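Below, each chain spelled out in residue letters.
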Amino acid sequence: MRRKLQYGVIGNGSWATALIKILTETNSMVYWHLRKYEYIEYIEKYGRNPRYLTEVTLDTGTLVLTADINELVEACDVVVFCVPSTFFVETAETITASLDGKYMVSAIKGLVGDANLTISEYFNQVMHVPDDHIAIISGPTHAEEVAMEHISYLTISSSNQKLTSAVCRAFECRFVQAIQSNDVLGVEYSACMKNIYSIACGICHSYRMGDNFQAVLVTNAYNEMVNFLDKINPDPTRNPSQSAYLGDLLVTCYSQFSRNRVFGEMIGKGYSVVSINAQMSMVAEGYFATKHIFKLAEKLGIRIPIIESVYHILYDGMKIRDTLKIFTSSLS
């Protein structure tokens, strides 16, 4: 991959905007697909996303904005999906342009479909993209801190080392460093699970469980996640104490910018899921991930007590106080 690859981003949310900001730091031209023409017009006029990370000034001189997803796919070598997992399939299904020779990158933290496929599995099994043409972008990084140009780290994972290196180079800039990984599925699953644990932390924070308890909760969440990863996708080379696993878990559980933690806090205060979704401008991926991971673990016979507790609160309507009594007794 000696030649410069052309990058394109699909998505208009905070994380997509943050990735665009990074890419425009290091690339002379970046394609950006936005669903609404009014977004395109606003960005062209003001150099800002009208809804997300609105304080970030974007270099419009390096951007090619389009509402035609196939224009982006045809023009770009590397297509980065950065939409909520619930909208991923319907977005992917609008692509009619050939994917031959294209590199598909997921910056999505969720599973899709009744089969609970990861995004990389969907790329491969449904869209027929070869494994060595697939990469994953993960954290630990919040979009808001990228917007403020705080030193941040991304994890880029692929089975293709040359692709990993190329994507790392594209996303490294003066305030972002990229870490290489080959654990595609492990990084994807951990990115889903840490959002669920963040919801649990938010719920417990609302119940004034205290920092001592939160430390035990996060420690047990980490052990639960590692056990799940080892059973669903064994990899003797995996080091779960690295940033893509432990680091992403910590920042999502503790950060003020974690929308999943905020979601959990609102659940703990008695808000319904419907009312929270109506109030939050961004999707809390952990809500949907809870159901996917719970069903997958149930099917495979893997015990995940913390996620099971969150599932019973969110989907079965179990009283939080009763659930906390059950799952706190399982912590160590």
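Here is what the cut-offs are and how they apply
Numbering of residues starts from 1 in every chain and runs along the sequence as written. Predicted model: local features are reported for residues with pLDDT of at least 70 only, side-chain atom pairs are reported and counted for 80 or more only, and whole-chain, interface and lining totals are derived from all residues. Side-chain numbers here rest on the full set of heavy atoms in the structure, without hydrogens or water. By the criteria applied, helices consist of DSSP H or I runs no shorter than four residues and strands consist of E runs no shorter than two, each listed in order from the N terminus. In this treatment the radius of gyration is a C-alpha quantity, and the globule benchmark scales as 2.2 Å times the residue count to the 0.38 power. Partly exposed residues are those whose accessible area sits between 20% and 50% of the maximum for their type, while under 20% is buried and over 50% is exposed, using a 1.4 Å probe and protein chains only. Here, residues are in contact when the closest pair of their heavy atoms is within 4.5 Å. Note that accessible areas follow from Shrake-Rupley with a 1.4 Å probe, and for residues the cover is restricted to the protein chains shown. Just so you know, the count uses Lys and Arg for positive and Asp and Glu for negative, and it drops His and the chain ends. Charge positions come from single atoms, namely NZ of Lys, CZ of Arg, CG of Asp or CD of Glu. Under the rule applied, a polar contact is a pair of N or O atoms within 3.5 Å (in protein, one hydrogen donor and one hydrogen acceptor; residues adjacent in sequence only if both atoms are side-chain atoms). Whenever a carboxyl oxygen of Asp or Glu lies within 4 Å of a side-chain nitrogen of Lys or Arg, that contact is scored as a salt bridge. Two strands are counted as paired when DSSP detects at least two bridges linking them. Only the stretch in contact is used when fitting a helix axis, every axis being a line fitted to C-alpha atoms; angles between N-to-C directions are given from 0 to 180 degrees. We define a nonpolar core as any set of buried Ala, Val, Leu, Ile, Met, Phe, Trp, Tyr and Cys residues linked to one another through side-chain atoms lying within 4.5 Å. For crossovers, right-handed means that the path from the first strand over the helix to the second runs clockwise, given strands pointing away from the viewer. Pairing of aromatic rings covers Phe, Tyr and the six-membered ring of Trp, with a centre-to-centre limit of 6.5 Å; geometry is then stacked below 30 degrees between planes, edge-to-face above 60, and tilted otherwise.

## With respect to the overall build of the protein chain
For step 1, the next point in the chain: A tally of regular secondary structure across the protein chain gives 15 helices and eight strands.
For step 2, the next point in the chain: A globule of 332 residues ought to have a C-alpha radius of gyration of about 20 Å, and the protein chain, at 19 Å, matches this closely.
For step 3, the next point in the chain: Counting only C-alpha atoms, the protein chain reaches 55 × 45 × 35 Å along its principal axes.
For step 4, the next point in the chain: In the protein chain, which comprises 332 residues, the proportion classed as buried is 58%.
For step 5, the next point in the chain: In the protein chain, of all internal contacts separated by at least 6 residues, the share reaching a separation of at least 24 is 70%.
For step 6, the next point in the chain: When the accessible surface of the protein chain is totalled, it reaches about 14500 Å², and 48% of it is carbon and sulfur.
For step 7, the next point in the chain: For the protein chain, the separation between the mean place of its 28 positive charges and that of its 34 negative charges on side chains is 5 Å.

## Remarks on the side chain of Thr-155
For step 1, the next point in the chain: By the secondary structure assignment, Thr-155 is in strand S7 (residues 152-157).
For step 2, the next point in the chain: Judged by its relative accessible area of 2%, Thr-155 is buried.
For step 3, the next point in the chain: From its side chain, Thr-155 meets the backbone oxygen of Gly-139 in a polar contact 2.8 Å long.
For step 4, the next point in the chain: Thr-155 has contacts with Ile-136, Ile-137, Ser-138, Gly-139, Ile-179, Ser-181 and Ala-244, leaving out every residue within four places of it along the chain.

## Here we look at the pattern of salt bridges
For step 1, the next point in the chain: Scanning all chains against the criterion turns up eight salt bridges.
For step 2, the next point in the chain: Between Arg-238 and Asp-183 there is a salt bridge, with the nearest N and O atoms lying 2.7 Å from each other. Within this pair, whereas Arg-238 is found in the loop between helix H9 (210-232) and helix H10 (243-254), its partner Asp-183 is found in the loop between strand S8 (176-181) and helix H8 (184-206), the two being separated by 55 residues in sequence. Neither Arg-238 nor Asp-183 differs from the other in exposure class; each is buried.

## With respect to the sheet that holds strand S4 (residues 78-81)
For step 1, the next point in the chain: Ordered in space as S3-S2-S1-S4-S5-S6-S7-S8, the eight strands form an open sheet in which the pairing is mixed. In this open sheet, the two edge strands, each paired with only one partner strand, are strand S3 (63-66) and S8. Averaged over all adjacent pairs, the angle separating strand axes in this sheet is 25°, with direction ignored.
For step 2, the next point in the chain: Sheet topology note: the strand S1 (residues 7-10)/S4 ladder contains four bridges and is parallel. Directly across from Gly-8, in S4, lies its bridge partner Val-79.
For step 3, the next point in the chain: Here helix H7 (residues 161-171) sits on the sheet in contact with S1, S4, strand S5 (103-106), strand S6 (134-138), S7 and S8, set at roughly 170° to S8.

## With respect to the nonpolar core
For step 1, the next point in the chain: Among the nonpolar cores identified, the biggest contains 51 residues, and Tyr-197, Phe-228, Phe-263, Ile-267 and Ile-293 are the most heavily contacted of them.
For step 2, the next point in the chain: Those elements that place two or more of their residues in this core are H8, H9, H10, helix H11 (259-268), helix H12 (273-279), helix H13 (285-300), helix H14 (305-315) and helix H15 (320-328).
For step 3, the next point in the chain: Contact partners of Phe-228, with chain neighbours within four places excluded, come to Tyr-189, Met-193, Ile-293, Leu-296, Ala-297, Ile-302 and Ile-304.

## Looking at the side chain of Asn-70
For step 1, the next point in the chain: In this fold, Asn-70 is placed in helix H3 (residues 69-75).
For step 2, the next point in the chain: A polar atom in the side chain of Asn-70 sits 2.7 Å from the backbone nitrogen of Thr-96.
For step 3, the next point in the chain: Excluding residues within four positions of it along the chain, Asn-70 makes contact with Thr-94, Ile-95, Thr-96 and Ala-97.

## Some points on the pairing of S7
For step 1, the next point in the chain: Summarising burial for S7: five of the six residues are buried, a large majority.
For step 2, the next point in the chain: Inspection of the sheet shows S6 paired to S7 by three bridges, in the antiparallel sense. By the bridge assignment for S7, Ser-138 is matched with Thr-155.
For step 3, the next point in the chain: Sheet topology places S7 next to S8; six bridges connect them, and they run parallel. The residue bridging Thr-155 from the neighbouring strand is Ile-179, located in S8.
For step 4, the next point in the chain: As a crossover connection, the stretch from S7 through H7 into S8 is right-handed.

## Focus on the packing of aromatic side chains
For step 1, the next point in the chain: Inspection of every chain in the model, using the stated rule, returns twelve aromatic pairs.
For step 2, the next point in the chain: Relative to Tyr-287, the ring of Phe-263 lies with its centre 5.8 Å away and its plane at 45°, an arrangement referred to as tilted. Placement of Phe-263 in helix H11 and of Tyr-287 in helix H13 is noted, with a sequence separation of 24 residues between them.
For step 3, the next point in the chain: For Phe-263, a relative accessible area of 0% gives the class buried.
For step 4, the next point in the chain: In this structure an aromatic cluster arises from ring pairing among Phe-263, Tyr-287, Phe-288, Phe-294, Tyr-311 and Tyr-315.

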